[in-house]
Amino acid sequence: MNVESAVQSKLLSLAAVDAELNRLAHRRRTLPEQQTVDRLQSDRNARKDAAVAVEIILDDLDRDIRKLEGEIEAVRMRAQRDRTMLESGSVGSKQLTELQHELGSLERRQGALEDDLLEVMERREASKGDHDHAGAQVSQIDDQLADATRARDEALADIDVAEQRCRSDRAALIGALPEDLVALYEKQREQAGIGAALLQGRRCGACRLELDRGEIARIAAAPADALVRCPECNSILVRTKESGL
């Protein structure tokens, strides 16, 4: 294929735009702001799970407290009934002894239940502190996540603007190039990632390999409008004054 050298030179501008698009795509995939959002989201989920776990513990403790309070109240009512009977003076000596014995047992039972209740309430207070701390951490992470999401969205918006500019430049460049040359360039770019590059000195700008003297002599002898390819990577080699030929 023969293409005027001035037209070939436009391939370098096209390749530069494609390289910039590749860099932008890589930046989008590896955006530090997105990594920060992902890390904070993971932290938030972990903190939220911890808070939910404590909520389950609190529910269990509240149930234990209600149960103990109910048992204490039942013992208290039974003891009050026994005292009322004792104070009435209407019981016999045998029943009197039984009531006094039962009252002693009820008092001991009530004391034990109240000790258990106190222990459970202390555990609930500690768990409530853990829950409040976890909730505060979730709120803190929410604030950080909002800031990180905003920074991520701004970075993505910048990438969108840059990509749109590159696509516009690319469309203009392609419109100024012969269709068969564009087809050749696109095929090579699809295969190797780079369609065209500058021959600078004896080095291919695409694969960065140095060409041997025989290849350089062959390229130097080729007409200015001849389309030459790198013998190593097959990219279109554009010759300019920088090529040193």
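See above for the structure.
Small disclaimer: the values here were computed from a predicted structure and weren't measured.

Novice: Just give me the short version of the environment of alanine 79, but keep the residues and values in it.
Specialist: Looking at the element boundaries, alanine 79 is found in helix H2 (residues 32-88). Sequence separation of alanine 79 and leucine 103 is 24 residues, and the distance between their C-alpha atoms is 5.9 Å. Dropping the residues within four chain positions of it, alanine 79 is found in contact with Leu103 and Leu106.

Novice: If you had to explain the sheet that holds strand E3 (residues 228-229) to someone new, which residues and values would you point to?
Specialist: Strand pairing in a sheet takes place through backbone hydrogen bonds and is either antiparallel or parallel in direction. Strand order in this open sheet of 4 strands is E2-E1-E4-E3, and the pairing throughout is mixed. Each edge of the open sheet carries a strand with a single partner, namely strand E2 (203-204) and E3. Across the sheet, helix H1 (residues 5-29) is in contact with strand E1 (196-200) and strand E4 (236-238); its angle to E4 comes to roughly 110 degrees. Helix H4 (residues 179-192) contacts E1, E3 and E4 of the sheet and is inclined by roughly 115 degrees relative to E4.

Novice: Any chance you could break down the packing of H2 against helix H3 (residues 93-175) for me, citing the residues and the numbers?
Specialist: Helix-helix packing: each pair is described by the crossing angle between the helix axes and the interaxial distance. At a minimum axis separation of 6 Å, H2 and H3 run at an interaxial angle of 165 degrees. Classified by the angle between their axes, H2 and H3 sit roughly antiparallel to one another. Note on packing geometry: the crossing formed by H2 with H3 is left-handed. The class makeup of the residues in the contact of H2 with H3 is 29 nonpolar, 11 polar and 26 charged.

Novice: Which residues make up the nonpolar core, and what values do they have?
Specialist: One finds Leu11, Leu14, Leu177, Leu181, Tyr185 and Ile236 to be the most contacted residues of the largest nonpolar core, which totals 23 residues. When contributions to this core are tallied by element, the ones reaching two or more residues are H1, H3, H4 and E4. Ranked by the residues each element gives to this core, the list is headed by H1, at 7 residues. If we ignore the near neighbours within four places in the chain, the residues touching leucine 11 are Leu177, Leu181, Tyr185, Ala196, Ile236 and Val238. Counting 13 residues, the second-largest nonpolar core is a separate cluster that includes Ile219, Cys230, Cys233 and Leu237.

Novice: Just give me the short version of the pattern of salt bridges, but keep the residues and values in it.
Specialist: A full pass over the atoms with the stated rule returns 22 salt bridges. Ionic pairing is found between aspartate 18 and arginine 189, a salt bridge with its closest N-O pair at 3.5 Å. In this pair, aspartate 18 sits in helix H1 while arginine 189 sits in helix H4, placing the two residues 171 residues apart along the sequence. For aspartate 18, a relative accessible area of 3% puts it in the buried group.

Novice: Tell me about the state of the cysteines, and please be specific about residues and values.
Specialist: Scanning all chains against the criterion turns up 0 disulfides. For the unlinked cysteine cysteine 230, the closest cysteine sulfur is that of cysteine 233, found at 3.7 Å. By relative accessible area, which is 2% here, cysteine 230 ends up buried.

Novice: Go over the side chain of arginine 152 with me, naming the residues and quoting the values.
Specialist: Take arginine 152: it is sitting in helix H3. Under the relative-accessibility criterion, arginine 152 is labelled buried at 15%. Setting aside residues no more than four positions away along its own chain, arginine 152 makes contact with Leu31, Glu33, Gln34 and Val37.

Novice: Give me the lowdown on H4, citing residues and values where you can.
Specialist: An ideal rise of 1.5 Å per residue puts 20 Å on 14 residues; H4 measures up with 20 Å between its terminal C-alpha atoms. Within H4, burial applies to Leu181, Val182, Leu184, Tyr185 and Gln188. Buried residues along H4 cover an arc of 160 degrees about the axis, so they all sit on one side. Residues of H4 that are exposed and point more than 90 degrees away from the buried face comprise Glu179, Lys187, Glu190 and Gln191. Count one or two residues on from H4 and you reach glycine 193, which has phi positive near 95 degrees.

Novice: Could you give an account of the environment of leucine 198, naming the residues involved and the relevant values?
Specialist: Looking at where leucine 198 falls in the secondary structure, it is placed in strand E1. Dropping the residues within four chain positions of it, leucine 198 is found in contact with Leu12, Arg203, Cys204, Gly205, Val238, Thr240, Glu242 and Ser243.

Novice: Provide a residue-level description of the pairing of E1, including the pertinent values.
Specialist: The buried fraction of E1 amounts to 4 of the 5 residues, a majority that puts the element mostly inside the structure. Sheet topology note: the E1/E4 ladder contains 3 bridges and is parallel. Residue pairing across strands places leucine 198 opposite valine 238, the latter belonging to E4. Examined bridge by bridge, E1 and E2 share 2 bridges and lie antiparallel to one another. Paired with leucine 199 across the two strands is cysteine 204, which belongs to E2. If you look at the hairpin formed by E1 and E2, you'll find 2 residues sitting between the two strands, and glycine 201 has a positive phi there, around 65 degrees.

Scoring rules and cut-offs
Residues numbered from 1 in each chain as written. Predicted model: local features only at pLDDT ≥ 70, side-chain atom pairs only at ≥ 80, totals over all residues. Heavy atoms only, no water. Helix = DSSP H or I, 4+ residues; strand = E, 2+ residues; numbered from the N terminus. Contact = heavy atoms within 4.5 Å. Pairing = 2+ DSSP bridges. Axes fitted to C-alpha atoms, helices over the stretch in contact; angles between N-to-C directions. Parallel < 35°, antiparallel > 145°, perpendicular 65-115°, else oblique. Left-handed = near helix turned anticlockwise from the far one by under 90°. Nonpolar A, V, L, I, M, F, W, Y, C, P; charged D, E, K, R; others polar. Core = buried A, V, L, I, M, F, W, Y, C linked by side-chain atoms within 4.5 Å. Buried < 20%, exposed > 50% of the residue type's maximum accessible area, 1.4 Å probe, protein only. Salt bridge = Lys/Arg side-chain N within 4 Å of Asp/Glu carboxyl O. Disulfide = S-S within 2.5 Å. Expected span 1.5 Å × (residues − 1). Arc of directions from axis to C-beta.

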